[in-house]
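Okay, here's what each chain looks like letter by letter:
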Amino acid sequence: MAALAQTGELVPQEELRVCADPANLPFSNEKGEGFENRIAQIMGDTLGLPVRTIFFPQVQGFVRNTLGLRRCDLVMGTVASDEVMQNTNPYYHTTYVAVFRNDSPAPPEDFADPAQRALRFGVVARTPPVDLLARAGLLDRTRSYALVVDTRVEAPAAQMLRDLAAGEIDVALVWGPIAGYQIHVQHLPLTMRALPSAPGAARMDYRITMGVRANEPQWRRRVNAAIRDRQAEITAVLRDFGVPLLDASGRISTTTP
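Draft legend 1. Fine view of the domain arrangement of the chain. The assigned domain composition of the chain is domain 1 (16–93 + 206–241) and domain 2 (94–194). Contacts between the two partners involve 15 residues from domain 1 and, on the opposite side, 13 residues from domain 2. Interface area for domain 1 against domain 2, summed over the two sides, is near 1,100 Å², with a carbon-plus-sulfur share of 67%. Our enumeration of links across domain 1 and domain 2 arrives at zero salt bridges. Linking domain 1 with domain 2 are five residue pairs in polar contact (both at pLDDT 80 or more). Elements represented by at least two residues in the side of domain 1 that touches domain 2 include exactly β2 (23–24), β7 (92–101), β12 (205–212) and α8 (231–240).

Set out below in structure tokens:
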């Protein structure tokens, strides 16, 4: 530990403090009902540390006001790093999806297909699928849902999927873990299909990591080792929540690795 002290690295010794949103199912909530809550417990067990969750709304400034102020040691479910955060190795690979009703024909996969003009789309503003709709000239066929909200009182992506089930729109383009939860856990009568990433277009699939403070390489290695050792259990939790997991070919896998 003397070497760690010389580098200023703060390795948790008494508890694992995890930053999370207090009202953002299926990811996390104050009752510990989200899949990131459950994965955090797996991480704590592996590291031999009790988990304490530090709740903070996942809005602009989330990392700066949590990990950046050393209020916690780990942020679940990150994609990109910034000046105060580095990424661990990924623990799952998922994607944005197209969702449609079970009692409706599957929409064309090609957004340039003229048949798309007969459909009504839903999308969360400023998310990557907006690019697909813009390129295909379908924005005039699209209902937009807010991106930045108070998650304690609003859940636009979940509302979009409920609107889809009710027949108010025909296709929802949404982040896969949210769709999977509404289908698998909330039992909405919907089907989802991965949105492929295309050259020159916005990326649709992402490898999801955990965030740790910059300049703490030994702590990052410990977290990576815990992910590696418990990957099968982490994957089982993700499947329990219906998270679409991509295989090597970029398709949604239906089998446990």
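Draft legend 2. Structural context of the packing of aromatic side chains. Considering all chains together, one arrives at nine aromatic pairs under this definition. Look at Trp175 and Tyr206: their rings are 6.1 Å apart centre to centre, the planes differ by 65°, and that puts the pair in the edge-to-face class. Of the two residues, Trp175 is situated in strand β10 (residues 171–175) and Tyr206 in strand β12; the sequence distance between them amounts to 31 residues. Cluster of aromatic residues (ring-pair linked, three or more members): Phe27, Phe35, Tyr91, Tyr92, Tyr181 and Phe241.

Draft legend 3. Representation of helix α5 (residues 156–165). Burial analysis of α5 places seven of its ten residues in the buried class, the great majority of the element. Along α5, the residues classified as buried are Pro156, Ala157, Ala158, Met160, Leu161, Asp163 and Leu164. Residues of α5 that are buried in the fold lie against β7, β8 (121–124), β9 (142–145), β10, α6 (176–184) and β11 (190–194). Of the residues trailing α5, Gly167 is marked for its positive phi of about 90°.

What counts and how
- Residue indices follow the written sequence of each chain, beginning from 1 at its first position.
- Local features in this predicted model are restricted to residues of pLDDT 70 or higher, and side-chain atom pairs are both shown and tallied only at a pLDDT of 80 or more, whereas totals for entire chains, interfaces and linings draw on every residue.
- Values shown for side chains rest on all heavy atoms present in the structure; no hydrogens or waters enter the calculation.
- An automatic or database domain assignment supplies the start and end points of every domain.
- For this analysis, residues touch if any pair of their heavy atoms sits within 4.5 Å.
- Values labelled buried area give the accessible surface lost by two parts on being combined, using a 1.4 Å probe and summing over both.
- Any Lys or Arg side-chain nitrogen found within 4 Å of a carboxyl oxygen on Asp or Glu counts as a salt bridge.
- Definition of a polar contact: a pair of N or O atoms within 3.5 Å, with one able to donate and the other able to accept a hydrogen when the atoms are protein atoms, and with sequence-neighbouring residues admitted only if both atoms are side-chain atoms.
- Put simply, DSSP marks the helices as runs of H or I at least four residues long and the strands as runs of E at least two long, and each gets a number from the N terminus on.
- Working definition: a ring pair exists when centres of Phe, Tyr or Trp rings (six-membered ring for Trp) sit within 6.5 Å. Plane angles under 30 degrees give stacked, over 60 give edge-to-face, the rest tilted.
- The classification of residues rests on relative accessible area computed with a 1.4 Å probe and restricted to protein chains. Under 20% of the type maximum is buried, over 50% is exposed, and intermediate values are partly exposed.

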